[in-house]
Structures are given as C-alpha cells and as structure tokens.
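# Notes for the structure review
Each chain, written out:
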Amino acid sequence: MLLATGCTDQTAGTPTAAGEAPDTTAESTATPSSTAGPADSIKPCALLSAADISQLGITGAPRSTKIKGAVSCDWRVEKKQVGDSYTVGISVFPGLGLKDVTGSPKTPTTVGKHDAVQVINNSSGCAVALGITETSRVQVYVTGGDPAGLCKPALDIAKIIEPKLP
C-alpha cells in the first residue's frame, strides 16, 4: 500500500538548504511608524555651538551614547584643580516627561518658555530637566565634585540650549 502525503501550508520567501543563510534583500512591506514626536528630532551633540563650548570651558570632543531609548552627549570640563573638574551631559528622553524625573527633592522651575525640574543627587551631581511635551524631556546633568555646586553650570547650560528646543 502506498500513502501520499502533502503540505497545504505555504510560507513566503525563498527556500534555502539547512545551514544556508536566507535571502534578506527582499523589501519589507511594513510601514514605518509615524509616531515621531518633537523630541525625536533633537540632536544633543548639536545643542552646544563651538562658541558655547568655548564659553563653558569644555575640553575635548563630545561623546555620543544611546541607552534605553535616550540619546546623550557628554563633554568634559577640566579645571586647574582635578577636584573642580566635571562632566557635562545632555540627554534627550523622547518617551519620558518631567513627571518621570527621578531623584529628590525635585525643585520645579522655568527655563525660558519651558517648564523644568532641578534635582540634586548627593552621590553624583545636579540635573535640570526641561519638558518638551507631557511625555518627553531634555535633561542637562553635571557630575563630579560637589553636587550642589554643580547646579549653576547645569542651569547655565539649560539656559543656553533652551531657545533651541521645540
């Protein structure tokens, strides 16, 4: 007795032998998401001009990073006394607003036309977060040295970049 078997399920694509890499050159039929918000267009390394960098005493090239959806840019400010040196960072959080800022105490403030929150972290430094929308923010943080003493440079930088924000 002879049995005939067949398959009725069809899978799109190009068949490949076991161990061969599939052809990945086919175009995707998925459409890109159109949910980009105002914060998605902000490039943190472009928020400080060469003149701003010079005025702030920033040395060296910026270092760009992306962690957990946030895009950041860090610079170093070297002072004569090593203990007075610090790191400046600007981060864009397209999915986290002012209500999501962590740390305590949170001091509400305004920087230009943006609502803002200042937070001192006694172990690392000071941050000033500027609200872009209810669910997005740009945050300036300064770390190293005396955390309370780092709020002035954080606020100075926030005032410099604020007019460039949506």
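These numbers come from a predicted model, not from an experiment.

Per the secondary structure count, the protein chain includes 2 helices and 7 strands. Going residue by residue from the N terminus, the α and β elements of the protein chain occur as α-β-β-β-β-β-β-β-α. Sequence separation of 24 or more characterises 49% of the internal contacts of the protein chain that already satisfy a separation of 6 or more.

Attention shifts here to the nonpolar core. Counting residues in each nonpolar core, the largest one holds 31 residues, and the members touching the most others are Ile42, Leu48, Trp75, Ile90, Val138, Ile157 and Ile161. Counting residues per element, the ones that place at least two in this core are helix H1 (50-56), strand S2 (70-77), strand S3 (86-93), strand S6 (125-133), strand S7 (136-143) and helix H2 (151-161). Counting residues per element, this core draws most heavily on H2, which supplies 6 residues. Grouped together as the second largest cluster of nonpolar side chains are 5 residues, Val101, Val117, Val119 and Ala129 included.

Bringing the layout of surface pockets into the picture now. There is about 440 Å³ of room inside the largest pocket. Counting only elements with at least two residues in the lining of the largest pocket, the list comes to strand S1 (58-67), S2, S3, strand S5 (114-121), S6 and S7. With 5 residues, S7 is the single largest residue contributor to the lining of the largest pocket. Along the lines of polarity and charge, the residues of the lining of the largest pocket split into 9 nonpolar, 10 polar and 5 charged. As a volume, the second largest pocket reaches approximately 160 Å³. Around the second largest pocket, the lining residues are Leu98, Lys99, His114, Asp115, Gly131, Ile132, Thr133 and Glu134.

Here the focus is the state of the cysteines. Enumeration according to the criterion identifies 2 disulfides in this entry. The side chain of cysteine 45 participates in a disulfide bridge whose partner is cysteine 73; the two sulfur atoms lie 2.0 Å from each other. Sign of the S-S torsion, about 105° for the bond between cysteine 45 and cysteine 73, identifies this disulfide as right-handed. Pair noted here: cysteine 45 is in the segment before H1 and cysteine 73 is in strand S2, with a separation of 28 residues, a long-range link.

Attention shifts here to the packing of aromatic side chains. Scanning the model with the defined rule gives 0 aromatic pairs in all. Above the face of the phenylalanine 93 ring, arginine 137 is positioned so that its terminal group lies 4.2 Å from the ring centre.

Read across the open sheet, the 7 strands follow the order S1-S2-S3-S7-S6-S5-S4; overall the sheet is antiparallel. Of all strands in the sheet, those bounded by a partner on one side alone are S1 and strand S4 (106-111). Sheet twist, expressed as the average angle between the axes of neighbouring strands with direction ignored, equals 20°. Examined bridge by bridge, S5 and S6 share 6 bridges and lie antiparallel to one another. Counterpart to asparagine 121 in the pairing with S6 is glycine 125.

What follows deals with the environment of leucine 56. Within the fold, leucine 56 resides in helix H1. On the basis of relative accessibility, which here comes to 17%, the residue leucine 56 falls in the buried class. As a C-alpha pair, leucine 56 and valine 88 span 32 residues in sequence and 9.9 Å in three-dimensional space.

Rules behind the numbers
- Residues numbered from 1 in each chain as written.
- Predicted model: local features only at pLDDT ≥ 70, side-chain atom pairs only at ≥ 80, totals over all residues.
- Heavy atoms only, no water.
- Helix = DSSP H or I, 4+ residues; strand = E, 2+ residues; numbered from the N terminus.
- Contact = heavy atoms within 4.5 Å.
- Core = buried A, V, L, I, M, F, W, Y, C linked by side-chain atoms within 4.5 Å.
- Buried < 20%, exposed > 50% of the residue type's maximum accessible area, 1.4 Å probe, protein only.
- 1 Å grid on protein atoms, 1.4 Å probe; cavity = no way out; pocket = protein on both sides within 12 Å on 5 of 7 lines; lining within 4 Å.
- Points joined across faces, edges and corners; volume = space filled by probe spheres on them.
- Nonpolar A, V, L, I, M, F, W, Y, C, P; charged D, E, K, R; others polar.
- Disulfide = S-S within 2.5 Å.
- Phe/Tyr/Trp six-rings, centres within 6.5 Å; stacked < 30°, edge-to-face > 60°.
- Lys NZ or Arg CZ within 6 Å of the ring centre and 35° of its normal.
- Pairing = 2+ DSSP bridges.
- Axes fitted to C-alpha atoms, helices over the stretch in contact; angles between N-to-C directions.

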